[in-house]
Amino acid sequence: MSKDSKKVFTTSKLPKNTGVSAWVAMLPSRGEKPRLEGALTADVVVIGGGFAGLSAARRISQLDPALRVAVLDAGVIGEGAAGRNSGFIIDLPHEVSADDYGGDSASKSQQDIVIHRSAIALASDIAAEQGWDRDIFDPCGRYSVAISERGDQHLVAYSEQLRKLGEEHRLLDAKEIAAITGTHCYTSALFTPGTIIVQPAAYIRGVADCLRGRISIYERTPAMAFESDAQGWMVKTPQGWISTGKIILANNGHAESFGFFKGRLLHIFTYASMTEEFDPSRLPGERKWAATPALPMGTTVRRVAGQRGDRILIRSRYTYNSRQIVSEGALKRAGAQHDRKFKTRFPGLGNVNMEYRWAGGMALTLNSVPAFGEVEHGVFAACGCNGLGASKATASGIAAAEMMLGYNSELTQIYRRFQAPKALPPRPFITIGAKANLAFREWQTGTE
Ligand SMILES: Cc1cc2nc3c(=O)[nH]c(=O)nc-3n(C[C@H](O)[C@H](O)[C@H](O)COP(=O)(O)OP(=O)(O)OC[C@H]3O[C@@H](n4cnc5c(N)ncnc54)[C@H](O)[C@@H]3O)c2cc1C
């Protein structure tokens, strides 16, 4: 490569996590992997140690164990979005479509199911290998819960679509879901058995810690820049550099910070709160369950059983943050909403307070496609999680690894067919539009 054609990509910002995730706080401390210091040579550098990056590293080691892989994470494994989510690795399409579910919608759903189940297959293999118990990895399925007539109607429509897809599911009435959740707030529910429920920080730490062979992980080691050279690429970190042939960009929204998918990623943040422990006898029903809302903008709730007591997780609220930073004020406002939602759902737990509150980022695209593919010679992106990153980012990490190594699979065929993410409207229209859209959809969601 001549000096003139040298390409340089420098990041304009690094990720910053707001609030302390309960999932990390509840775990024992773990020895961090070292920072990168000095010079190194690798066959592949993976930038980002979330679902996408760690899944890509695992898939590379399966396909070609001789390759030397360096995974860089700007922070600590488990403290980013992959370890601070609600822990649903969902198998089915999340939302019902507005049409009558004919040709296009049904085949898109079938494609989503292949994507999601590829992720679940990887996660299940690791869980079996490591002998994880159900506190880390629980194949218990999920409830979609309604709290209003609109939610009920939505679940009936969802059930009809699942029937057409031939997917197992069960509708529950208010009494049946109350027996499980111990609260009478839900008007109906739909159970699907294929979702895996994880302790997300334990899961992602576990995935990192079981990577074997020639894979090295470097924590607190952000990739600051990468530039082309005679060998391929030189990745620069604050205290070192790596000469490599190939790169997998698995840093979700921060792909844009390096200049990729400019003006095509919607940086949406969502928020969660977890209560302090309470005496399990204070809430009837089952001690462990996980529920997503019937309406997409609604509230996710989990009951988490612990040895010293149980906790409730509330996840709701979405904000658009183009700079990928959430303020303490935004976290506080979301927390006030969580408190209200908690009180409505669990009036009997009146004096139980929230102990942890946190926010985390996601990258969505207008046309709901991943930010995926070879973006420069030897640089493969597995970004743009579109909200369901536990499934989608895992699968795109697998697909990026397979594509990079020339391996053809059902997954790579699907990913090759994806269109490019659509351009967003320019600023300030996107800011005004995204904020207004989120506010309107939250209002429409009402109590859900
Ligand atoms: C509160 C909350 C609840 C959620 N619930 C769910 C759920 O139940 N199910 C679900 O499927 N999804 C859920 N999500 C979304 C899910 O967490 C994300 O979609 C998922 O984490 C995306 O995975 P990823 O690997 O693409 O990106 P990330 O998990 O964001 O990982 C990217 C990594 O890249 C690193 N990075 C960034 N820049 C650099 C750099 N320059 N150098 C090195 N490293 C860098 C970051 O530190 C980060 O660790 C939730 C999100 C939140 C915040």
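1. Things to note about the site of the ligand
Working step 1: Of all residues adjacent to the ligand, which total 35 residues, the nearest are D73, F88, A223, C385 and A390.
Working step 2: One of the side-chain N or O atoms of D73 is found 2.6 Å from an oxygen atom in the ligand.
Working step 3: In isolation the ligand exposes 990 Å². Once the protein is present, 95% of that is buried.
Working step 4: No other element matches the three residues that helix α8 (residues 389-404) contributes to the shell around the ligand.

2. Considering the domain arrangement of the protein chain
Working step 1: Split by domain assignment, the protein chain resolves into domain 1 (3-83 + 202-264 + 367-430) and domain 2 (139-197 + 266-365 + 433-445).
Working step 2: Using C-alpha coordinates to define each centre, domain 1 is positioned 29 Å away from domain 2.
Working step 3: Contacts between the two partners involve 28 residues from domain 1, matched on the other side by 26 residues from domain 2.
Working step 4: Regarding the contact of domain 1 and domain 2, the summed buried area is about 2200 Å², with carbon and sulfur atoms giving 57% of it.
Working step 5: Broken down residue by residue, the surface that domain 1 buries against domain 2 is led by T18, W23 and I430, which jointly contribute 28%.
Working step 6: Linking domain 1 with domain 2 are zero salt bridges.
Working step 7: Across the domain 1-domain 2 interface, the total number found is 12 residue pairs in polar contact (both at pLDDT 80 or more).
Working step 8: When residues of the side of domain 1 that touches domain 2 are traced back to their parent elements, those giving at least two are α1 (22-25) and α10 (429-445).
Working step 9: At three residues, the largest contribution of residues to the side of domain 1 that touches domain 2 is made by α1.
Working step 10: Tallied by class, the residues present in the side of domain 1 that touches domain 2 amount to 12 nonpolar, 12 polar and four charged.

3. Considering the layout of surface pockets
Working step 1: Looking at the second largest pocket, its volume works out to about 580 Å³.
Working step 2: When contributions to the lining of the second largest pocket are tallied by element, the ones reaching two or more residues are α1, β9 (196-198), β15 (289-293), β16 (300-305) and β17 (310-320).
Working step 3: When residues in the lining of the second largest pocket are grouped by element, the largest group, four residues, is from β16.
Working step 4: A class-by-class count of the residues in the lining of the second largest pocket yields 14 nonpolar, four polar and 11 charged.
Working step 5: Both domains that furnish three or more residues to the lining of the second largest pocket are identified here as domain 1 (3-83 + 202-264 + 367-430) and domain 2 (139-197 + 266-365 + 433-445).

4. Points about α8
Working step 1: Most of α8 is tucked away, with 16 of its 16 residues classed as buried.
Working step 2: Backbone geometry just after α8 places G406 at a positive phi near 70°.

5. Some thoughts on the packing of aromatic side chains
Working step 1: Counted under the stated rule, the structure contains 13 aromatic pairs.
Working step 2: With centroids separated by 5.6 Å and ring planes inclined at 80°, the aromatic side chains of F226 and W233 adopt a geometry described as edge-to-face.
Working step 3: For F226, a relative accessible area of 0% puts it in the buried group.
Working step 4: A ring pair is formed by F372 and Y415, whose centres lie 4.7 Å apart and whose planes are at 55°; its orientation type is tilted. Of this pair, F372 sits in strand β19 (residues 371-376) while Y415 sits in helix α9 (residues 410-417), and the two are 43 residues apart along the sequence.
Working step 5: With relative accessibility at 5%, the residue Y415 sits in the buried group.
Working step 6: Every member of this aromatic cluster is reached through a ring pair, and the members are F9, F226, W233, F258 and F260.

6. Here's the deal with the nonpolar core
Working step 1: Residues L54, Y203 and I248 are the most contacted members of the largest nonpolar core, which totals 60 residues.
Working step 2: It is α8 that contributes the most residues to this core, nine residues altogether.
Working step 3: Residues from two domains meet in this core; each of domain 1 (3-83 + 202-264 + 367-430) and domain 2 (139-197 + 266-365 + 433-445) gives at least three.
Working step 4: Contacts of L54, omitting those with residues within four sequence positions, involve G48, G49, V71, I77, I204, V207, A208, L211 and I217.
Working step 5: Core analysis: the next-biggest nonpolar cluster, separate from the first, contains 24 residues, I47, V235, I247 and V379 among them.

Procedures and definitions
Residues numbered from 1 in each chain as written. Predicted model: local features only at pLDDT ≥ 70, side-chain atom pairs only at ≥ 80, totals over all residues. Heavy atoms only, no water. Near = heavy atom within 4 Å. Polar contact = N/O pair within 3.5 Å; in protein donor to acceptor, adjacent residues only side chain to side chain. Areas by Shrake-Rupley, 256 points an atom, 1.4 Å probe, with all protein chains shown as cover. Helix = DSSP H or I, 4+ residues; strand = E, 2+ residues; numbered from the N terminus. Domains from an automatic or database assignment. Contact = heavy atoms within 4.5 Å. Buried area = accessible area lost by both parts, 1.4 Å probe. Salt bridge = Lys/Arg side-chain N within 4 Å of Asp/Glu carboxyl O. Nonpolar A, V, L, I, M, F, W, Y, C, P; charged D, E, K, R; others polar. 1 Å grid on protein atoms, 1.4 Å probe; cavity = no way out; pocket = protein on both sides within 12 Å on 5 of 7 lines; lining within 4 Å. Points joined across faces, edges and corners; volume = space filled by probe spheres on them. Buried < 20%, exposed > 50% of the residue type's maximum accessible area, 1.4 Å probe, protein only. Phe/Tyr/Trp six-rings, centres within 6.5 Å; stacked < 30°, edge-to-face > 60°. Core = buried A, V, L, I, M, F, W, Y, C linked by side-chain atoms within 4.5 Å.

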